[in-house]
Amino acid sequence: NENIELLDGGNFWRVYIHVEDLCRAINLIIEHGEHNAIYNVGNGTPTRLRDAIDYAIVKTNSTSEIAEKSSGRIPERKHMDVSRLFELGYEPAWSLERTLDDLIQRG
C-alpha cells in the first residue's frame, strides 16, 4: 500500500522468467545444447513492467498509486532472442501471472 515511483511510467518491456524455469532451461542447455554456443534464457514473452505492477496491485487489493518519473529517454522495447533455447525443446512452465501469484501468496 505504498506509492510506487516508476521510471518512464514502467513503459519498457522485458522478458521475465521464474527461477524454476531458469534452472530447467540451463539444464536443457547443458544436456542438449551445442558446445561453446550462446543461448539466451527467458520465457519468450516480453511484458511491459507497468503491466506486471498493475497486475500485482489488483491481485493484492493494494491502494498504491503510481508516480511516473521521466528518465529523459524514450522507453525501448528490448528483449532477447530465445529462439535457440526453444529449438532445444524448452517450454516455460510458469507464466508471469502464475509467478506473480506465487510471490503474492508467499507474501
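First, a word on what this report is: a plain description of the structure on this page.

What counts and what doesn't
- Numbering of residues starts from 1 in every chain and runs along the sequence as written.
- Note on the predicted model: pLDDT of at least 70 is required for a residue's local features to be given, and 80 or more for side-chain atom pairs to be given and counted; whole-chain, interface and lining totals, by contrast, use all residues.
- Water and hydrogen atoms play no part in the side-chain values, which are based on all heavy atoms of the structure.
- Put simply, DSSP H or I for four residues or longer makes a helix, DSSP E for two residues or longer makes a strand, and each gets a number counted from the N terminus.
- The rule is simple: take the accessible area with a 1.4 Å probe, protein chains only, and divide by the maximum for that residue type; under 20% is buried, over 50% is exposed, in between is partly exposed.
- Definition of a polar contact: a pair of N or O atoms within 3.5 Å, with one able to donate and the other able to accept a hydrogen when the atoms are protein atoms, and with sequence-neighbouring residues admitted only if both atoms are side-chain atoms.
- Put simply, a salt bridge is a Lys or Arg side-chain nitrogen that is within 4 Å of an Asp or Glu carboxyl oxygen.
- Residue count minus one, scaled by 1.5 Å, sets the expected span of a helix.
- Each direction from the helix axis to a C-beta atom contributes to the arc, which is the arc of those directions.
- As used here, the term nonpolar core means buried Ala, Val, Leu, Ile, Met, Phe, Trp, Tyr and Cys residues forming a set that is joined through side-chain atoms within 4.5 Å.
- Residue contacts follow a heavy-atom distance rule, with two residues in contact if any of their heavy atoms lie within 4.5 Å.
- The angle between two axes is taken between their N-to-C directions and runs from 0 to 180 degrees, where each axis is a line fitted to C-alpha atoms and a helix contributes only its stretch in contact.
- Under this scheme an angle from 65 to 115 degrees is roughly perpendicular, one under 35 degrees roughly parallel, and one over 145 degrees roughly antiparallel; angles in between are oblique.
- In this scheme, a crossing is called left-handed if the near helix is turned counterclockwise away from the far one by less than a right angle; it is called right-handed if the turn is clockwise.

Quick notes on the side chain of serine 64
Next up, step 1: Relative to the elements of secondary structure, serine 64 occurs in the loop between α2 (49–59) and β4 (66–69).
Next up, step 2: When its relative accessible area of 12% is taken as the criterion, serine 64 is described as buried.
Next up, step 3: Polar contacts involving the side chain of serine 64 include one to the main-chain carbonyl oxygen of glutamate 2, which spans 2.5 Å.

Focus on the pattern of salt bridges
Next up, step 1: Scanning the model with the defined rule gives seven salt bridges in all.
Next up, step 2: Measuring nitrogen to oxygen at the nearest pair gives 3.0 Å for the salt bridge that ties aspartate 54 to arginine 50. Taken as a pair, aspartate 54 and arginine 50 lie in helix α2 at a separation of four residues, close to a single helical turn.
Next up, step 3: Aspartate 54 gets classed as partly exposed once you look at its relative accessible area, which sits at 28%.

Observations concerning unusual backbone geometry
Next up, step 1: Even without glycine at this site, aspartate 8 takes up a positive phi of about 55 degrees.
Next up, step 2: Note on placement: aspartate 8 falls in the loop between β1 (4–7) and β2 (13–15).
Next up, step 3: Notably, asparagine 36 is not glycine yet its phi reads approximately 65 degrees, a positive angle.
Next up, step 4: Tracing the backbone through its elements, the reader meets asparagine 36 in the loop between α1 (19–32) and β3 (46–48).
Next up, step 5: Relative accessible area serves as the criterion here: at 70%, asparagine 36 is assigned to the exposed category.

A closer look at α1
Next up, step 1: An ideal rise of 1.5 Å per residue puts 20 Å on 14 residues; α1 measures up with 20 Å between its terminal C-alpha atoms.
Next up, step 2: All of the buried residues along α1 are Asp21, Ala25, Leu28 and Ile29. Taken around the axis of α1, the buried residues stretch over an arc of 100 degrees, which confines them to a single face. Exposed positions of α1 whose direction lies more than 90 degrees from the buried face are Val19, Ile30 and Glu31.

Overview of the nonpolar core
Next up, step 1: Counting seven residues, the largest nonpolar core consists of Ala25, Leu28, Ile29, Tyr39, Val41, Leu85 and Tyr90.
Next up, step 2: Not counting the four nearest positions on each side in its chain, leucine 85 is found in contact with Ala25, Leu28, Ile29, Tyr39, Asn40, Val41, Gly42 and Tyr90.

Re the packing of α2 against helix α4 (residues 96–106)
Next up, step 1: The N-to-C vectors of α2 and α4 enclose an angle of 45 degrees; their axes lie 10 Å apart at closest approach. With respect to α4, the axis of α2 lies oblique. You can see that α2 and α4 cross each other, and the crossing is right-handed. Between α2, through Ala52, Tyr55, Ala56 and Lys59, and α4, the contact on the second element is made entirely by Leu96, Glu97, Leu100, Asp101 and Ile104.

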